[in-house]
Amino acid sequence: MVRIKICGITNIDDALAAARIGADAIGFNFYPKSPRYIEPEEAQRIAQALPDRVLRVGVFVNEDIARVWEIVSEARLQAVQLHGDETPEYCAALRVNSSDSGRPVKLIKALRVGDGFHPDQIAHYRADAILLDAASPEAYGGTGRSFDWDVARRAKRFVRELFLAGGLTPASVGRAIAQVQPDWVDVCSSLESAPGKKDRQALEAFVRAVRMVEGRERLI
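What you see is a predicted model, and the numbers here were worked out from it, not measured in a lab.

1. Let's talk about the packing of helix α1 (residues 12-21) against helix α7 (residues 200-213)
To describe two helices that pack against each other, one gives the angle between their axes and the distance between the axes.
Phase 1: Running from amino to carboxyl end, α1 crosses α7 at an angle of 30°, the nearest separation of the two axes being 10 Å. With respect to each other, α1 and α7 are oriented roughly parallel. The interaxial crossing formed by α1 with α7 has right-handed handedness. Touching Asp13, Asp14, Ala17, Ala18, Arg20 and Ile21 of α1 are Arg200, Leu203, Glu204 and Val207, all from α7.

Written out as structure tokens, the structure is:
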């Protein structure tokens with residue numbers, strides 16, 4: 001089963017709609033420069049309202065490790081997604097901190113695929129999952145750009161779990177799943193009517209497209 005993560009959630013209405021429609025995970029962006037930034041206190045309020053089955057993910061960009069864990073605790077997150085220039089050493093330190101604290105938090109490292117990217121570099125990161133997104137000089141993510149899915153397909157042998165992101169839409173996600181066979185698909189800007197505001201029809205169409213390619217469409 002391919003699972004679905006809806007990222008860039010900024011309000012409770014969108015979060016509950018995504019959960020109702022069939023999202024398996026919700027992403028909160030804690031990068032202050034992002035148009036989808038959310039305060040930890042508001043993320044906590046939303047997280048508390050979600051069904052238990054929905055994974056709560058915090059997205060961070062080059063954040064101090066101590067601050068990451070402050071927000072994890074405050075917002076009651078179950079996973080940390082590193083979407084910046086974090087090094088393998090940073091990831092290892094974050095894992096050690098997680099083990100010391102006794103908090104079972106999933107670590108997802110996002111890597112941007114552009115010229116010069118080689119799938120074997122994934123092996124350097126101690127992470128529970130790897131997310132592949134399109135490289136952009138303008139932003140760390142949420143650009144709606146895609147990349148060569150063949151790179152993601154070749155990267156699968158280096159990962160425990162693969163999140164596929166980057167420009168996925170209701171029209172393209174079926175082809176992406178068929179070609180890559182990822183564990184997760186991750187979507188943000190392509191389902192928005194404005195930055196941080198999800199479009200209900202687009203959400204429904206995306207989830208339906210994922211379930212259809214698996215041959216088991218859900219009633220929405």
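Here the narrative resumes, following the displayed structure.
2. Re the pairing of strand β1 (residues 3-6)
Phase 1: Looking at chain direction, β1 and strand β8 (residues 184-187) are connected through four bridges and run parallel. When the sheet's bridge partners are listed, Lys5 is paired in β8 with Asp186.
Phase 2: As judged from the two bridges shared by β1 and strand β2 (residues 25-29), these two strands associate in the parallel manner. The residue bridging Lys5 from the neighbouring strand is Ala25, located in β2.
Phase 3: Handedness of the crossover is the feature at issue here: the chain leaves β1, passes through α1, returns alongside β2, and the resulting connection is right-handed.

3. Topic: α1
Phase 1: For α1, the complete set of buried residues consists of Asp14, Ala15, Ala17, Ala18, Ala19 and Ile21.
Phase 2: Buried-residue contacts for α1 involve β1, β2, α2 (40-49), β10 (197-198) and α7.
Phase 3: Backbone nitrogen of Asp13 and a side-chain oxygen of the N-cap are separated by 3.3 Å at the start of α1; the cap is Asn11.
Phase 4: Among the residues trailing α1, Gly22 stands out with phi positive, at a value near 135°.

Rules used throughout
Within every chain, residues take consecutive numbers counted from 1 along the sequence as written. Reporting of local features is limited, given that this is a predicted model, to residues whose pLDDT is at least 70; pairs of side-chain atoms are given and counted only at 80 or more, and all residues count toward the totals for whole chains, interfaces and linings. Each side-chain value is derived from all of the structure's non-hydrogen atoms; neither hydrogens nor water enter the calculation. In this description, a line fitted to the C-alpha atoms serves as the axis of each element, helices being fitted only across the stretch in contact, and the angle between N-to-C directions of two axes falls anywhere from 0 to 180 degrees. A run of H or I in DSSP counts as a helix once it spans at least four residues, and a run of E counts as a strand once it spans at least two, with each numbered from the N terminus. We call two directions roughly parallel when the angle between them is under 35 degrees, roughly antiparallel when it is over 145, roughly perpendicular when it lies between 65 and 115, and oblique otherwise. Two helices crossing with the near one rotated counterclockwise from the far one by less than a right angle form a left-handed crossing, whereas a clockwise rotation gives a right-handed crossing. Whether two residues are in contact is decided by their heavy atoms: any pair within 4.5 Å suffices. Any two strands with at least two DSSP bridges between them are considered paired. Place the viewer so that the strands point away; then a crossover is right-handed whenever the path from the first strand over the helix to the second strand goes clockwise. Relative accessibility under 20% of the residue-type maximum defines a buried residue, over 50% an exposed one, and the middle range a partly exposed one, all with a 1.4 Å probe and only protein chains included. For this analysis, a polar contact is any N or O atom pair within 3.5 Å, provided that within protein one partner can donate a hydrogen and the other can accept it, and provided that sequence-adjacent residues contribute only side-chain to side-chain pairs.

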